[in-house]
Amino acid sequence: MDAYRIGSRAHPLLDGAGAAGSDDARWNSRGRYVVYAAEHSATALLEKAAQLNAPKIPRTLVYVRITVPSDVSTEEVRGDDLPGWDADDKAASRSFGDRWYDETRSLLLLVPSLAAPGLERNVLINQRHPEFARVTMSRPESIRCHPKLLA
């Protein structure tokens, strides 16, 4: 499975430290090292625009392709499975994600994308899971998209 992540060259892109140090993550509380990615590069762009609360993506950001072997442990939660996953207070999604992380249930958690609910999924990677060593990523590359989407 491949997933895509967009970020700054100034920070490691296969690292959940950003989510661990934030109070804004949807699927985890502070202190949990979760790498957020998307199944498709276009979804990663939408998610980044939403995160930045900006209609355009800074040209300085880069993307990586994360590769995960097909036989790793994976769990999926669908929007219908978890009422309130998309609520502004994030209580339902964080509670679910924290249990998933703390119980080390799987390396990957596939979750609905808030940027395209019902259509796309995000890929959460538990950086503290024993299978994490099997995850690799490409070297960072400049974002590829329509020039009108870049700031």
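Looking at this structure, how should I read the overall build of the protein chain?
The number of helices and strands found in the protein chain is three helices and eight strands. Along the chain direction, N to C, the helices and strands of the protein chain fall in the order β-α-β-α-β-β-α-β-β-β-β. Expected size for 151 residues packed as a compact globule is a radius of gyration near 15 Å; at 15 Å, the protein chain falls within 12% of this value. Counting only C-alpha atoms and orienting by the principal axes, one finds that the protein chain spans roughly 40 × 35 × 30 Å. The proportion of buried residues among the 151 residues of the protein chain is 44%. Long-range pairs, those at least 24 residues apart, make up 72% of the contacts in the protein chain with a sequence separation of at least 6. Of the roughly 8,000 Å² that the protein chain leaves accessible, carbon and sulfur atoms contribute 51%. Each charge class in the protein chain was averaged separately, 20 positive and 20 negative side chains, and the resulting centres sit 9 Å apart.

Can you help me understand the environment of Val 62 in this one?
Mapped onto the fold, Val 62 is located in strand S3 (residues 62-67). Classification of Val 62 as buried rests on a relative accessible area of 1%. With near-sequence residues (within four places) excluded, Val 62 lies in contact with Arg 5, Ile 6, Gly 7, Ser 8, Arg 9, Leu 13, Pro 140, Glu 141, Ser 142 and Ile 143.

I would appreciate a short explanation of the pattern of salt bridges in the present structure.
For side chains of opposite charge, pairing can occur when their charged atoms come near one another. What the rule picks out here adds up to 11 salt bridges. Ionic pairing is found between Asp 102 and Arg 32, a salt bridge with its closest N-O pair at 2.8 Å. You can see Asp 102 sitting in helix H3 (residues 91-102) and its partner Arg 32 sitting in the loop between helix H1 (17-20) and strand S2 (34-38), a full 70 residues away along the chain. Residue Asp 102 is classed as partly exposed on the basis of its relative accessible area of 48%. Here Glu 76 makes a salt bridge to Arg 121, at a shortest N to O gap of 3.0 Å. In this pair, Glu 76 is assigned in strand S4 (residues 74-76) and Arg 121 in strand S6 (residues 121-126), connecting sequence segments 45 residues apart. Among the charged side chains, a network of salt bridges with common partners joins Glu 39, Glu 76, Arg 78 and Arg 121.

How should unusual backbone geometry be read in this particular structure?
Note: most residues except glycine have negative phi, and most peptide bonds are trans. Its identity as a non-glycine residue notwithstanding, Lys 90 has a phi of 60°, on the positive side. The class for Lys 90 is buried, based on a relative accessible area of 16%. Even without being a glycine, Thr 104 presents a positive backbone phi close to 50°. Relative to the helices and strands, Thr 104 is located in the loop between H3 and strand S5 (108-112).

Which parts of the structure should I look at to understand the nonpolar core?
For soluble globular proteins, nonpolar side chains are generally found buried alongside one another. Of all hydrophobic cores here, the largest spans 17 residues; its most connected members are Ile 66, Val 68, Leu 107, Leu 108, Val 123, Ile 125 and Val 135. Those elements that place two or more of their residues in this core are S2, S3, S5 and S6. Leu 107 has contacts with Val 68, Val 72, Ser 73, Trp 100, Leu 124, Ile 125, Asn 126, His 129, Glu 131, Phe 132 and Val 135, leaving out every residue within four places of it along the chain.

Quick notes on the rules
Residues numbered from 1 in each chain as written. Predicted model: local features only at pLDDT ≥ 70, side-chain atom pairs only at ≥ 80, totals over all residues. Heavy atoms only, no water. Helix = DSSP H or I, 4+ residues; strand = E, 2+ residues; numbered from the N terminus. Rg over C-alpha atoms; globule rule 2.2 N^0.38 Å. Buried < 20%, exposed > 50% of the residue type's maximum accessible area, 1.4 Å probe, protein only. Contact = heavy atoms within 4.5 Å. Areas by Shrake-Rupley, 256 points an atom, 1.4 Å probe, with all protein chains shown as cover. Lys, Arg positive; Asp, Glu negative; His and termini not counted. Charge placed at Lys NZ, Arg CZ, Asp CG, Glu CD. Salt bridge = Lys/Arg side-chain N within 4 Å of Asp/Glu carboxyl O. Core = buried A, V, L, I, M, F, W, Y, C linked by side-chain atoms within 4.5 Å.

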